[in-house]
Amino acid sequence: MVKEVLIACVGKPSAGKSSFLNSDLIRVFSVTDAIAKVGNYPFTTIKPNQGVAYLPIDCPCKRFGKETQCKPRHGSCVDGVRHVPVQMLDVAGLVPGASEGQGLGNQFLDDLRHANALIHVVDVSGTTDASGKVTQGYDPINDIDWLRSEIRSWILNNLLKRWPAIARRHMATKSTAIDTLQTQFSGYGSTFSVVAKFMDKLAIKDPLETWDDAMVGRVVDGFLDERFPTVVALNKIDMADADKNITKIMRKYDPNTLVLTSALAEAFLREMHKKGYINYKEGTDIVDTKDDLPDSNLKPLDDKLRTRIEKVQDLVLYRYGSTGVHDVLKRAVEMLGVIPAYPVKSLANFSSGTGINKGGAFRDCILIWPGTTVREFARIVHPEIDKYYLYAETVGGIKLAEDAVITEENNIISFKTSQNLSQTSSENNPVTGGADKKSASNKK
Ligand SMILES: Nc1nc2c(ncn2[C@@H]2O[C@H](COP(=O)(O)OP(=O)(O)OP(=O)(O)O)[C@@H](O)[C@H]2O)c(=O)[nH]1
């Protein structure tokens, strides 16, 4: 199955989801905005509630001293930090009882089916209740557990309703448990390998036709872990009470799934940077003002602005190292194990041929799923490369076997073909050129 990376952002009302998605850093635009403001993403099938976020990664141009020649076709690259477009889905309608149709209920859950990973924005300050109303002392652990339990109830209820028939059919067709479960889970965006992986971990010995409701529940839990990796953005860390809630949450959940954020601080710092009051380096605690750099072109701060900036530094930057917004998308992509791969025509200068932009280095960066082989990547890059495939090489002229798995060590690849594909003016060919709208698609 060919599948692009799609991350869904969810959160109860007032958790800070809009602030988060609209922070300039994540740069999620509506499709119209994206075309107007950026026009710089490869996706062709964006729907109204989809946007584009830009994943910050270390670009190989820095390693090879090609920063000035680096010319990404999509996204951007500044001083070796590349921003690669990733599709984001803004999933609205998370309210208690979504699995029973409350709020946008089914629509909400239906949207999630398309996502590969979830970002769950949680108000960690405890100042909004389950439905987003202002309160004091609310326990944000409820929200973390609640998203999972809504998705679980939705899938489990659907499954249990039909379980006797599923078990009968399973026996009649003499299917394996993996086959039967994949038939049931395919509607939730599952694949055979997802089912095989979680069943392997669960190591259930009993035959499927003997499973009781509790066992089916265990299977749904195993499926959820594999199918919906979730990063929890603990937002509003700048507020009082956030600290004690963070400590509690850190003790209960895997810290690798948690990122501490202040979407408000990020939005403020970005705005001050844009207006010329500060130099702010995204993802860090570095903020320079006119007081720090008297000879710079920065605008002088009045007392009010100076106090606000100092507050953000004290409450967020010096305490936590950054606003955290930068890390959330990164963490979600890391959980998926997706890696960037760079098809180039020349391994000498990393260009994609000649002509406008093609002479620039590392023009294309395609996010690929773990386990993708060299030959599969050739197919992803362009069917013509697959058709006329001779061999593939990576840096240093090292030949790569067709079935070699692509890793961070061999992800700069030049394909040699029996036909000169620069003659075939295919628009979609990242190696031969064309200002196309090719999606960074690959298999899963
Ligand atoms: N102190 C603080 N306030 C924040 C932060 N992020 C968002 N807020 C505030 O929280 C309120 C709700 O933020 P939104 O971004 O509108 O929340 P939402 O989840 O999109 O809410 P809905 O649109 O109702 O779904 C706003 O007043 C924001 O300014 C943060 O990190 N710190």
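Report on the accompanying structure. (Residues numbered from 1 in each chain as written. Predicted model: local features only at pLDDT ≥ 70, side-chain atom pairs only at ≥ 80, totals over all residues. Heavy atoms only, no water.)

Quick word on the site of the ligand
Applied cut-off: By convention in this text, a residue qualifies as near a molecule or strand provided that one of its non-hydrogen atoms is within 4 Å of it. Identification of polar contacts relies on pairs of N or O atoms within 3.5 Å, with a donor-acceptor requirement for protein atoms, meaning one able to donate a hydrogen and the other able to accept it, and with residues adjacent in sequence counted only if both atoms are side-chain atoms. With residues, only the protein chains shown are counted as cover, and all accessible areas are computed by Shrake-Rupley using a 1.4 Å probe. Runs of E in the DSSP output that reach at least two residues are strands. Runs of H or I that reach at least four are helices, and both are numbered from the N terminus.
Surveying the vicinity of the ligand reveals 15 residues, the closest of which are Ser-14, Lys-17, Ser-18, Ser-19 and Asp-238. Within the side chain of Ser-262, a nitrogen or oxygen atom sits 3.3 Å from an oxygen atom of the ligand. Interatomic distance of 3.0 Å between a backbone N/O atom of Ala-263 and an oxygen atom of the ligand. Starting from 650 Å² of accessible surface for the ligand in isolation, the protein chains cover 67%. When contributions to the shell around the ligand are tallied by element, the ones reaching two or more residues are helix H1 (17-22) and helix H10 (263-274).

Observations regarding the sheet that holds strand S13 (residues 389-394)
To keep things clear, this is the line we draw: When DSSP finds at least two bridges between two strands, those strands are taken to pair. Fitting a line to C-alpha atoms yields each axis, with helices limited to the stretch in contact; the angle taken between N-to-C directions then spans 0 to 180 degrees.
Here five strands make up an open sheet; going across it, the order is S12-S11-S15-S13-S14 and the pairing mixed. Across the chains shown, the open sheet's two edge strands, defined by having one partner strand only, are strand S12 (366-368) and strand S14 (398-400). Here the average twist between neighbouring strands, direction ignored, is 40°. Direction of pairing for strand S11 (residues 339-343) relative to strand S15 (residues 412-417): parallel, over a ladder of two bridges. Within S15, the residue paired with Pro-343 across the bridge is Ile-413.

Structural notes on the nonpolar core
Soluble globular proteins: nonpolar side chains tend toward being buried together. Rule in force here: By convention a nonpolar core is built from buried Ala, Val, Leu, Ile, Met, Phe, Trp, Tyr and Cys residues, the set being connected through side-chain atoms within 4.5 Å. When a residue's accessible area, from a 1.4 Å probe over protein chains only, is under 20% of the maximum for its type it is buried; when over 50% it is exposed; and in between it is partly exposed. As annotated, the domain borders come from an automatic or database domain assignment. For this analysis, residues touch if any pair of their heavy atoms sits within 4.5 Å.
Core analysis: the biggest nonpolar cluster contains 40 residues, and Val-5, Ile-7, Phe-20, Met-88, Ile-119 and Phe-362 have the highest contact counts within it. Only strand S2 (6-10), H1, strand S3 (50-58), strand S5 (81-90), strand S6 (117-123), strand S7 (230-235) and helix H12 (325-336) provide two or more residues apiece to this core. Sorting elements by how many residues they give to this core places H12 first, with six residues. When we break this core down by domain, the ones giving at least three residues each are domain 1 (2-140 + 230-333) and domain 3 (338-443). When neighbours within four sequence positions are excluded, Phe-362 is seen to be in contact with Pro-60, Cys-61, Phe-64, Cys-70, Lys-71, Pro-72, Arg-82, Tyr-342, Val-344, Phe-350 and Ile-412.

Some details on the packing of aromatic side chains
Rules: Two aromatic rings from Phe, Tyr or Trp, using only the six-membered ring of Trp, form a pair when their centres are within 6.5 Å; if the ring planes differ by under 30 degrees the pair is stacked, by over 60 it is edge-to-face, and anything between is tilted. Only when the NZ of Lys or the CZ of Arg is both within 6 Å of the ring centre and within 35 degrees of the ring normal is a charge said to sit over the ring.
Within this structure, the stated rule accounts for 13 aromatic pairs. With centroids separated by 6.0 Å and ring planes inclined at 10°, the aromatic side chains of Trp-163 and Trp-211 adopt a geometry described as stacked. Within this pair, whereas Trp-163 is found in helix H5 (residues 141-172), its partner Trp-211 is found in the loop between helix H7 (192-202) and helix H8 (213-227), the two being separated by 48 residues in sequence. Judged by its relative accessible area of 7%, Trp-163 falls in the buried class. The ring of Tyr-389 is capped by Arg-375, whose NZ or CZ atom sits 4.2 Å from the centre of that ring.

Comments concerning the packing of H10 against helix H11 (residues 303-320)
Applied cut-off: With respect to orientation, any angle under 35 degrees is reported as roughly parallel, any angle over 145 as roughly antiparallel, any angle of 65 to 115 as roughly perpendicular, and every other angle as oblique. What makes a crossing left-handed is the near helix being turned counterclockwise from the far one by less than a right angle; a clockwise turn instead makes it right-handed. The classification used treats Ala, Val, Leu, Ile, Met, Phe, Trp, Tyr, Cys and Pro as nonpolar, Asp, Glu, Lys and Arg as charged, and all other residues, Gly among them, as polar.
Packing of H10 against H11 leaves a shortest axis separation of 11 Å and a crossing angle of 135°. Here H11 runs oblique to H10, going by the angle between their axes. Considering the relative orientation of H10 and H11, their crossing is left-handed. Together, Ala-265, Phe-268, Leu-269 and Met-272 of H10 and Leu-305, Arg-308, Ile-309, Val-312, Val-316 and Leu-317 of H11 make up the contact between the two elements. Grouping the amino acids of the contact of H10 with H11 by side-chain chemistry returns nine nonpolar, no polar and one charged.

Structural notes on the pairing of S13
Of the pairings in the sheet, the one linking S13 to S15 comprises five bridges and is antiparallel in character. Paired with Ala-392 across the strands is Phe-415, a residue of S15. In terms of strand pairing, S13 meets S14 through three bridges, oriented antiparallel. Residue Ala-392 lies in a different strand from S14, and its bridge partner there is Leu-400.

Quick word on the pairing of S11
Most of S11 is tucked away, with five of its five residues classed as buried. Of the two faces of S11, the one lined by Ile-339, Ala-341 and Pro-343 and the one lined by Pro-340 and Tyr-342 are each fully buried. Inspection of the sheet shows S11 paired to S12 by three bridges, in the antiparallel sense. Counterpart to Ile-339 in the pairing with S12 is Ile-368.

Here's the deal with the pattern of salt bridges
Pairs can form between side chains of opposite charge whenever their charged atoms are close. We count it as follows: A pairing counts as a salt bridge when a side-chain nitrogen of Lys or Arg comes within 4 Å of a carboxyl oxygen of Asp or Glu.
All told, the structure shown has 20 salt bridges when counted by the stated rule. The salt bridge involving Arg-306 is made with Asp-291; its shortest N-O contact spans 3.0 Å. Placement of Arg-306 in helix H11 and of Asp-291 in the loop between strand S10 (287-288) and H11 is noted, with a sequence separation of 15 residues between them. Residue class for Arg-306 comes out partly exposed when judged on its relative accessible area of 23%. Taking the relative accessible area as the measure of exposure, Asp-291 reaches 47% and is therefore partly exposed. Here the salt bridges do not stand alone but share partners, grouping Arg-148, Arg-152, Asp-221 and Asp-225 into one network.

Taken by themselves, the reported measurements are silent on function.
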